[in-house]
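A closer look at the structure
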Amino acid sequence: MHDIRWIRDNPEAFDRGLMRRGLEPQAQQIIALDEKRRKFVRLTQEAQTEANATSKLIGAAMARGDQEEATRLKAVVAEAKASKQSHEEEERRATAALNELLSSIPNLPLDEVPDGPDADNNREIRRHGEPPRFDFAPKQHFELGEALRLMDFETAAKLSGARFVILKGKLARLERALGQFMLDLQTREHGYQEVNPPFLVREQTMYGTGQLPKFRDDQFQTTDGRWLIPTAEVSLTNLVRDSILEEAILPIRVTALTPCFRAEAGAAGKDTRGMIRTHQFNKVELVSITTPETSRDELERMTAAAEEVLKRLALPYRVVQLCTGDMGFGARMTYDLEVWLPGQGAYREISSCSVCGDFQARRMEARYRPRAGAGLRYVHTLNGSGLAVGRTLIAVLENYQRADGTILIPGVLRPYMDDSEIIGPDG
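The paragraphs below set out a description of the structure included in this document. Since the model is a prediction, treat every value here as computed from it, not as a measurement. (Residues numbered from 1 in each chain as written. Predicted model: local features only at pLDDT ≥ 70, side-chain atom pairs only at ≥ 80, totals over all residues. Heavy atoms only, no water.)

Here we come to the overall build of the protein chain. Looking only at helices and strands, the protein chain has 12 helices and 18 strands in total. In terms of C-alpha radius of gyration, the protein chain reaches 28 Å, well past the compact-globule figure of 22 Å for 427 residues. If one aligns the C-alpha atoms of the protein chain with their principal axes, the spans along those axes are about 105 × 45 × 40 Å. The buried share of the protein chain, taken over its 427 residues, is 48%. Taking contacts inside the protein chain between residues at least 6 apart in sequence as the whole, the part at least 24 apart equals 72%. Put simply, the protein chain shows about 20,200 Å² of open surface, and 47% of that area lies on carbon and sulfur atoms. (Helix = DSSP H or I, 4+ residues; strand = E, 2+ residues; numbered from the N terminus. Rg over C-alpha atoms; globule rule 2.2 N^0.38 Å. Buried < 20%, exposed > 50% of the residue type's maximum accessible area, 1.4 Å probe, protein only. Contact = heavy atoms within 4.5 Å. Areas by Shrake-Rupley, 256 points an atom, 1.4 Å probe, with all protein chains shown as cover.)

Tracing the backbone through its elements, the reader meets Glu 233 in helix H9 (residues 233–237). Here Asn 383 takes part through its side chain, which lies 3.4 Å from a polar atom of the side chain of Glu 233. (Polar contact = N/O pair within 3.5 Å; in protein donor to acceptor, adjacent residues only side chain to side chain.)

The subject of this paragraph is the sheet that holds strand S7 (residues 227–228). Picture the strands of a sheet paired through backbone hydrogen bonds; they go either parallel or antiparallel. One open sheet holds the three strands; their spatial order is S5-S7-S6, and the pairing between them is antiparallel. The two strands at the open ends of the sheet, each matched to only one other strand, are strand S5 (200–201) and strand S6 (220–221). Alignment of S5 against S7, held across two bridges, turns out to be antiparallel. Along S7, the bridge assignment pairs Val 201 with Trp 227. (Pairing = 2+ DSSP bridges.)

A complete count under the given rule lists 36 salt bridges for this structure. With its nearest N and O atoms 3.6 Å apart, the salt bridge here joins Asp 152 to Lys 168. In this pair, Asp 152 sits in strand S2 (residues 151–152) while Lys 168 sits in the loop between strand S3 (166–167) and helix H7 (169–189), placing the two residues 16 residues apart along the sequence. For Asp 152, a relative accessible area of 15% gives the class buried. Residue Lys 168 is classed as partly exposed on the basis of its relative accessible area of 37%. Close ionic contact of Arg 226 with Asp 224 constitutes a salt bridge, the shortest N to O distance being 2.6 Å. Given the relative accessible area of 48%, Asp 224 is considered partly exposed. (Salt bridge = Lys/Arg side-chain N within 4 Å of Asp/Glu carboxyl O.)

The next subject is the packing of H7 against helix H12 (residues 389–399). Taken N-terminus to C-terminus, the directions of H7 and H12 make an angle of 115 degrees; their axes are 10 Å apart at the nearest point. For the crossing formed where H7 meets H12, the hand is right-handed. Contacts between H7 and H12 pair Leu 171, Leu 174, Glu 175, Leu 178, Gly 179 and Met 182 from the former with Val 389, Thr 392, Leu 393, Val 396 and Leu 397 from the latter. For the contact of H7 with H12, the residue count by class is eight nonpolar, two polar and one charged. (Axes fitted to C-alpha atoms, helices over the stretch in contact; angles between N-to-C directions. Left-handed = near helix turned anticlockwise from the far one by under 90°. Nonpolar A, V, L, I, M, F, W, Y, C, P; charged D, E, K, R; others polar.)

This paragraph deals with the pairing of strand S11 (residues 317–321). With four of five residues buried, S11 lies mostly within the body of the structure. Sheet topology places strand S1 (residues 123–128) next to S11; five bridges connect them, and they run antiparallel. Across the sheet, the residue bridging to Arg 126 is Val 319, located in S11. With five bridges connecting them, S11 and strand S12 (residues 333–341) associate as antiparallel partners. By the bridge assignment, Arg 318 is partnered in S12 with Glu 338.

Formed by 57 residues in total, the largest nonpolar core has its most connected members in Leu 174 and Ile 423. The greatest single-element share of this core, amounting to eight residues, is contributed by H7. Setting aside residues up to four positions removed in sequence, Leu 174 forms contacts with Leu 393, Val 396, Leu 397, Leu 413, Met 417 and Ile 423. Counting 15 residues, the second largest nonpolar core, distinct from the first, contains Leu 236, Leu 250, Ile 289 and Ala 366. (Core = buried A, V, L, I, M, F, W, Y, C linked by side-chain atoms within 4.5 Å.)

Quick look at the structure:
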């Protein structure tokens, strides 16, 4: 959510941020709703004050035997209480309208974020590694996996419908190895604490990280009202909800390997073949909770931690800074890591690392007590993929494929694969 006091003091700056996001100015509408809410808060307090003061007079009137005055005063109290109730109802309506509006507005971009309506305006920051050269026409991952008889979309469709996959044998083992390797790297070398969080969460948990209410159609909900997490960001970031932390324990860095569930409501016709866009996939998530002064540097650190996975796997990739029109709802700035896929002849997203400022913290009521002893402040939150395991599997298959259709296993993964070097049809 946004700081309503900051909006009141900086309406032009707020609207400029929205316009950079491609949205219409809304500061005046927000301020008008807030003024309406504050008016009814004041009227409610005034009615309560009148009722309290008049109630004291009733006792005095009764004590001196002035029944007529007591009756009149009781009517005044009843009227004040009725006014208070009416004002409270108006306040609730104004507050609900204000919260509904604020909940639908995305985070404001940092000044350094490039402007633009879509991915064509993203800015490439750097590249690492050279795409491999083959003396044969490279295949896409689903062609390789199906030819090995270790990737089965047909049976998965029978079980669950479109956008699911079954991995078998060494491909299933390779997918597990990738997740384990990522967790080991992030916990042993980058200081993240491993967490095994719930995959089902309450509505307020999804609200805390910004998935609700705006992106309700992109999620899966259970019959008891809980939600399947679309990313472990939801569970991990909410670990600090409704908390007051001591600055001394910041930054908090946590990671988890979890399944992720996404309805892909807006993905009709996109990546319908293969594993690029499925309803269920595994991902290693990175989350940091920091102070405002350190959050921007933490974004660089987190991005480097995600990049290291690709470097160890010797996968070519590039880092792209997203423009204002391509960033996620809760982000103030985002780096995407895009890995080279020879079968597609293109770079495809494999990780997004974002700094969210206090946007999520306000929704979660997550604050900290500064060492200097000043008042409580909201923490800053960051999240990133370290990495999407299924897409990393795709990248390994396509970059390590051989002319005979077998797959060379990257050296760093062999200890997780009983030192196997090749995945073939016997897998």
